[in-house]
Amino acid sequence: MDSQGIAILGSTGSIGCNTLNVVESFGGERFRVVALAAGRNVARLAEQVERHRPELVAVEDEGSAERLREELVRRGVASPRVLTGEAGLVEVATHGAARTVVSATVGAVGFVPTLRALEAGKRVALANKETLVIAGELMTRAAAASGAELLPVDSEHNALHQCLRGERREEVRRLILTASGGPFRSKPLSAMVEATVEEAMRHPTWNMGAKITIDSATLMNKGLEVIEARWLFGFGADEIDIVVHPESVVHSMIELVDGSVIAQMGVTDMRHAIQYALTYPERHACAALPPLDLMKLATLHFEAPDTERFPCITLAYRALRAGGTLPAALNAANEEAVKAFLAGRIRLTDIPRVIENVMDAHETRAVASLDVVLDVDREARSRAAQEIARAAEISKVVA
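Residues numbered from 1 in each chain as written. Predicted model: local features only at pLDDT ≥ 70, side-chain atom pairs only at ≥ 80, totals over all residues. Heavy atoms only, no water.

Q: Go over the overall build of the protein, please, and point to the residues and values.
A: Secondary structure assignment for the protein yields 16 helices and 11 strands. Relative to a compact globule of 399 residues, whose C-alpha radius of gyration would be 21 Å, the protein shows 21 Å and is just as compact. Each of the three principal axes of the protein carries a C-alpha extent, and together these read 55 × 50 × 45 Å. As presented, the protein carries roughly 16800 Å² of accessible surface, and 49% of it is formed by carbon and sulfur atoms. Across the protein, 44 positive and 53 negative side-chain charges occur, with their mean positions spaced 2 Å apart. (Helix = DSSP H or I, 4+ residues; strand = E, 2+ residues; numbered from the N terminus. Rg over C-alpha atoms; globule rule 2.2 N^0.38 Å. Areas by Shrake-Rupley, 256 points an atom, 1.4 Å probe, with all protein chains shown as cover. Lys, Arg positive; Asp, Glu negative; His and termini not counted. Charge placed at Lys NZ, Arg CZ, Asp CG, Glu CD.)

So this is what it looks like as structure tokens:
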């Protein structure tokens, strides 16, 4: 069997590094890394280039490219072709030797490259949920036109994909996304108002990047996943539910029309979902992947999410029901608000207020083209900046 070419967008992040771990676990026989894209983590990227020898890499800017070349010279490693910016990401995503593209960048930066990969007929292993939130209609249309496969890497959607295998659409009543509840699941609203970045970053079960960890603290992550599930699986807002499950053992479930529930369970290790997406429709044993020890499971808890403390869920459902460009506006506002919170400019509880104000001001349009989506993204970020500045001033007065 010829080895399968793999390109990774976001190779130095958590998903990217775990993808390379999965590739390495197969000993080079099944997969080969042909292209990598990262931001500014030049040291880690250089290690990856030295180990996997891709033909092409992309970094954020010329300064990062120069530092990468210098680091590779220091290591005695021949430099691959190095590109920068969005053009570089697109080149990685459409590399001729890549059969599968792992889309693991954070936020809207992965939107255009992922769309181009689908247009090129690639199998896309999607860990960047924002791309479907921003323009799921464009993404799924591109995949249908080119014959590209779109396979989820998010643990919840990967679980749903597994649960839906072999089931007829008309026999499935609803999808059930599970949520850990984040660090504030059992905390009062007052604790969230005063929450520090450090407290919000203490996720109880997963080790993730800063943006997705804060999204998990506000439960916006789950709201975005509801929108993503709509485009991945074709279910409406009223057919997708969220259940808080703090143990994070059941990754998601489906309920059938006869009342039966099918759940996918596993340890909290993203390599399971990544390997599933890379090897689908086959399954392969891998000594590096830990099994779930059922004997160590004392109890499993399930509870409804508190939308008063976590209004981001309600905002996401509102965006999904409205459709058009409102999800793109929601996503842009959330990204800007999360950055502002991480920078210490606003409170955690200001995040949903910023998003709601941006959504209220947005004039929803049809997702007619890529240009429409990009225009909405820019407009929503500009509006979010105004709302963030207002929230920051209020916080100063209160303090």
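Still to come is the rest of the account.
Q: A description of the side chain of E228 should follow, citing residues and the corresponding values.
A: In this structure, E228 sits in helix α11 (residues 220-233). Sequence-distant contacts of E228, that is, excluding residues within four places in its chain, are made with L126, K129, L132, D154 and H157. (Contact = heavy atoms within 4.5 Å.)

Q: I'd like a rundown of the layout of surface pockets, residues and numbers included.
A: Size it by volume and the second largest pocket reaches roughly 310 Å³. Forming the boundary of the second largest pocket are 23 residues, of which Q162, Q264, H272, A273 and R283 lie nearest the centre. Counting only elements with at least two residues in the lining of the second largest pocket, the list comes to α7 (155-164), β11 (261-265) and α12 (270-279). The greatest single-element share of the lining of the second largest pocket, amounting to 6 residues, is contributed by α12. Here the lining of the second largest pocket is composed, by residue class, of 10 nonpolar, 10 polar and 3 charged. (1 Å grid on protein atoms, 1.4 Å probe; cavity = no way out; pocket = protein on both sides within 12 Å on 5 of 7 lines; lining within 4 Å. Points joined across faces, edges and corners; volume = space filled by probe spheres on them. Nonpolar A, V, L, I, M, F, W, Y, C, P; charged D, E, K, R; others polar.)

Q: Please provide a residue-by-residue account of the side chain of K222, values included.
A: You can see K222 is positioned in helix α11. Looking at K222, the relative accessible area reads 4%, which means it is buried. At a separation of 2.9 Å, a polar atom in the side chain of K222 contacts the side chain of E156. Separated by 2.8 Å, the side chains of K222 and E225 make a polar contact. (Buried < 20%, exposed > 50% of the residue type's maximum accessible area, 1.4 Å probe, protein only. Polar contact = N/O pair within 3.5 Å; in protein donor to acceptor, adjacent residues only side chain to side chain.)

Q: If you had to explain helix α2 (residues 42-52) to someone new, which residues and values would you point to?
A: When we look at burial in α2, the residues that qualify are V42, L45, A46, Q48, V49 and H52. Axial view of α2: buried residues confined to an arc of 160°, hence all on one face. Where α2 ends, the next residue or the one after it, R53, has phi of about 50°, a positive value. (Arc of directions from axis to C-beta.)

Q: Could you give an account of the pattern of salt bridges, naming the residues involved and the relevant values?
A: For side chains of opposite charge, pairing can occur when their charged atoms come near one another. If you walk through the whole model with that rule in mind, you get 41 salt bridges. Measuring nitrogen to oxygen at the nearest pair gives 3.2 Å for the salt bridge that ties E303 to R185. Linking E303 in the loop between α12 and α13 (312-322) with R185 in the loop between β8 (172-179) and α8 (189-193), this pair joins segments that are 118 residues apart in sequence. We classify E303 as partly exposed; its relative accessible area is 32%. A relative accessible area of 27% places R185 in the partly exposed class. (Salt bridge = Lys/Arg side-chain N within 4 Å of Asp/Glu carboxyl O.)

Q: How would you explain the sheet that holds β11 if you had to name every residue and give the values?
A: In space, the 4 strands of this open sheet follow the order β9-β8-β10-β11, with mixed pairing throughout. Across the chains shown, the open sheet's two edge strands, defined by having one partner strand only, are β9 (240-244) and β11. Put simply, the sheet's adjacent strands are angled 20° from each other on average, direction ignored. Bridge analysis of strand β10 (residues 250-256) against β11 gives 5 bridges, and the strand direction is antiparallel. Within β11, the residue paired with S252 across the bridge is Q264. Its contacts with the sheet place α7 against β8, β10 and β11, and it is angled at close to 40° to β10. The strands that α11 touches are β8 and β9; relative to β8, the one it contacts most, it runs at about 145°. (Pairing = 2+ DSSP bridges. Axes fitted to C-alpha atoms, helices over the stretch in contact; angles between N-to-C directions.)

Q: Before we move on, could you go through the nonpolar core and cite the residues and values that matter?
A: Counting 91 residues, the largest nonpolar core has F111, L175, I346, L348, I351 and I355 as the members making the most contacts within it. Per-element tally for this core: the top contributor is helix α14 (residues 326-342), with 10 residues. Apart from the residues lying within four places of it in its own chain, the contact partners of L348 are F184, M192, A195, A200, I214, T218 and F341. (Core = buried A, V, L, I, M, F, W, Y, C linked by side-chain atoms within 4.5 Å.)

Q: Explain the packing of α7 against α12 residue by residue, including any values.
A: Axis separation between α7 and α12 bottoms out at 10 Å; the angle between their running directions is 50°. What the angle tells us is that α7 and α12 run oblique. At the point where α7 passes α12, the crossing takes the left-handed sense. Taken together, the residues of α12 that come into contact with α7 (itself represented by S155, N158, H161 and Q162) are M270, A273, Y276 and A277. (Parallel < 35°, antiparallel > 145°, perpendicular 65-115°, else oblique. Left-handed = near helix turned anticlockwise from the far one by under 90°.)

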